[in-house]
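Geometric and topological summary
Read off the chains here:
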Amino acid sequence: MNPISDFRSDTVTKPTSEMRRAMAEAEVGDDVLGDDLTVQKLESLAADTLGKKAALYVPSGTMGNSIAIKAWTRELDEVIIEARSHIYNMESTHMTFISRVSPRVLTSHRGAMDPGEVENNIKKPSVHLPRTSLICIENTHNNWGGAVIPLENMRSIKAIAEKHGIHVHLDGARLFNASVASGVPVKEYARMSDSVMFCLSKGLSAPIGSILAGPQDFIDLGRRIRKALGGGMRQVGVIAAPGILALQNMVSRLKEDHMRAKKLALAIHKMPGIQLNPEFVETDIIIFGFEHSDLAVPDLLNRLKQKGILALSVPQGVRMVTNRGIDDNDIERTINAFNNILHS
Ligand SMILES: *Cc1c(COP(=O)(O)O)cnc(C)c1O
């Protein structure tokens, strides 16, 4: 068993020895000058995988989303976005700080915005109002416990966007989780948006980096914005090399993370204090409410930590994420720990 069962995120995994070897042996060059063959290979593999014309390797998902919003909008514009989305809540206001656009925040059903409501919130051209230029969708939806946004929902929103001549950006930090859980190919999800960001550094287990993909002129502009934000990197093949292995070898194993998350959710959802519908655990994220007569959330997290189990506190309660570092023994140990803490 691992000394620590680390459920804080799917970003806590370390590179495999194969990834370490690929880093050591990567063919590299100055990527700002267009010389790094490894990053070029990663970018074209990522573009092909998503069925997009071009892709850009970026240091983080946050930078990928920042570039997308900057590229698709102008000052005085408005962006339609879901209330619990990562871009709106967790990315330190780059919408206002970098792009100088205002968010139009919509509630949702488990992350899926109502297409009619989206359409009603697209502003008619007016001297008084911002111009709506972009809709952002998040799939899987992090703060909705890794919920998979249905393809049909995305299709309806894309049709509305096209009707009004505005763009759709997909924050697909965990898009491969959505695809593995639903059986819908990533290309199909990507087709329902103009641009896509996904993270190599989450369940796919690469140490660093995300991909932004879209049309060629969008990526050409994105490359300039990345440079302006300080994200132009030199012999970047050293960190891009494990990203290639992540795409080639790590997608199929996401189903193991999903199975383990489901197993844990089913085992703990009826325990005292835990508020969780295991049907809502569709991918690798478990978020549960916790109201217990003797224990508050920090107490529960401390008791778990004493048993070598790490989880995080979130506004809704507790968040646990399965990842490549969690095996079946970690799940058993964690179920036993919950039993022990909550049934004593
Ligand atoms: C993690 C995450 C991001 C940002 O990725 P970083 O690499 O941490 O900047 C964006 N969107 C969602 C939904 C995420 O979960």
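This structure is a prediction, so every number in the text was calculated from the model and none was measured. (Residues numbered from 1 in each chain as written. Predicted model: local features only at pLDDT ≥ 70, side-chain atom pairs only at ≥ 80, totals over all residues. Heavy atoms only, no water.)

1. Topic: the site of the ligand
Near the ligand lie 14 residues; those nearest to it are G61, T62, D171, R174 and K202. At a separation of 2.9 Å, an oxygen atom of the ligand approaches a polar side-chain atom of N142. With respect to the ligand, the side chain of D171 contributes an N or O atom lying 2.6 Å from a nitrogen atom. Coverage of the ligand by the protein amounts to 85% of the 380 Å² it exposes when considered alone. Going through the elements one at a time, α3 (61-72) and β7 (195-199) are the ones with two or more residues in the shell around the ligand. (Near = heavy atom within 4 Å. Polar contact = N/O pair within 3.5 Å; in protein donor to acceptor, adjacent residues only side chain to side chain. Areas by Shrake-Rupley, 256 points an atom, 1.4 Å probe, with all protein chains shown as cover. Helix = DSSP H or I, 4+ residues; strand = E, 2+ residues; numbered from the N terminus.)

2. Quick look at the pattern of salt bridges
Under the defined criterion, the tally for this structure stands at 19 salt bridges. In this structure, the salt-bridge partner of E43 is R223, at a minimum N-O distance of 3.2 Å. In this pair, E43 sits in helix α2 (residues 37-50) while R223 sits in helix α10 (residues 216-228), placing the two residues 180 residues apart along the sequence. Residue classification places E43 among the buried residues on the basis of a relative accessible area of 7%. Close ionic contact of D194 with K158 constitutes a salt bridge, the shortest N to O distance being 3.5 Å. Pair noted here: D194 is in the loop between α9 (186-191) and β7 and K158 is in helix α7 (residues 151-164), with a separation of 36 residues, a long-range link. The exposure classification of D194 matches that of K158, with both residues buried. Salt bridges sharing common partners tie together K158, E162 and D194. (Salt bridge = Lys/Arg side-chain N within 4 Å of Asp/Glu carboxyl O. Buried < 20%, exposed > 50% of the residue type's maximum accessible area, 1.4 Å probe, protein only.)

3. A closer look at the packing of aromatic side chains
Under the defined criterion, the tally for this structure stands at three aromatic pairs. Relative to F338, the ring of F288 has its centre 6.0 Å away and its plane inclined at 70°; by these criteria the two rings are edge-to-face. Taken as a pair, F288 in strand β10 (residues 285-290) and F338 in helix α14 (residues 328-342) lie far apart in primary sequence, 50 residues in all. Like F338, F288 is buried. In this structure, R84 is placed above the aromatic ring of W144, and the distance from its NZ or CZ to the ring centre is 3.6 Å. The ring centre of F280 lies 3.9 Å from the NZ or CZ of R110, which sits over that ring. (Phe/Tyr/Trp six-rings, centres within 6.5 Å; stacked < 30°, edge-to-face > 60°. Lys NZ or Arg CZ within 6 Å of the ring centre and 35° of its normal.)

4. Comments concerning the pairing of strand β6 (residues 167-171)
For β6, the tally of buried residues reaches four of five residues, placing the bulk of the element in the interior. Pairing of strand β5 (residues 131-138) with β6, which is carried by five bridges, proceeds in the parallel orientation. Across the sheet, I135 pairs through a bridge with V168, a residue of β6. A crossover links β5 with its parallel partner β6, the connecting element being α7, and its sense is right-handed. Note that β6 and β7 share three bridges and pair parallel. Counterpart to L170 in the pairing with β7 is V196. (Pairing = 2+ DSSP bridges. Right-handed = clockwise from strand over helix to strand, strands pointing away.)

So, to be careful, I would describe these as geometric facts and stop short of saying anything about function.
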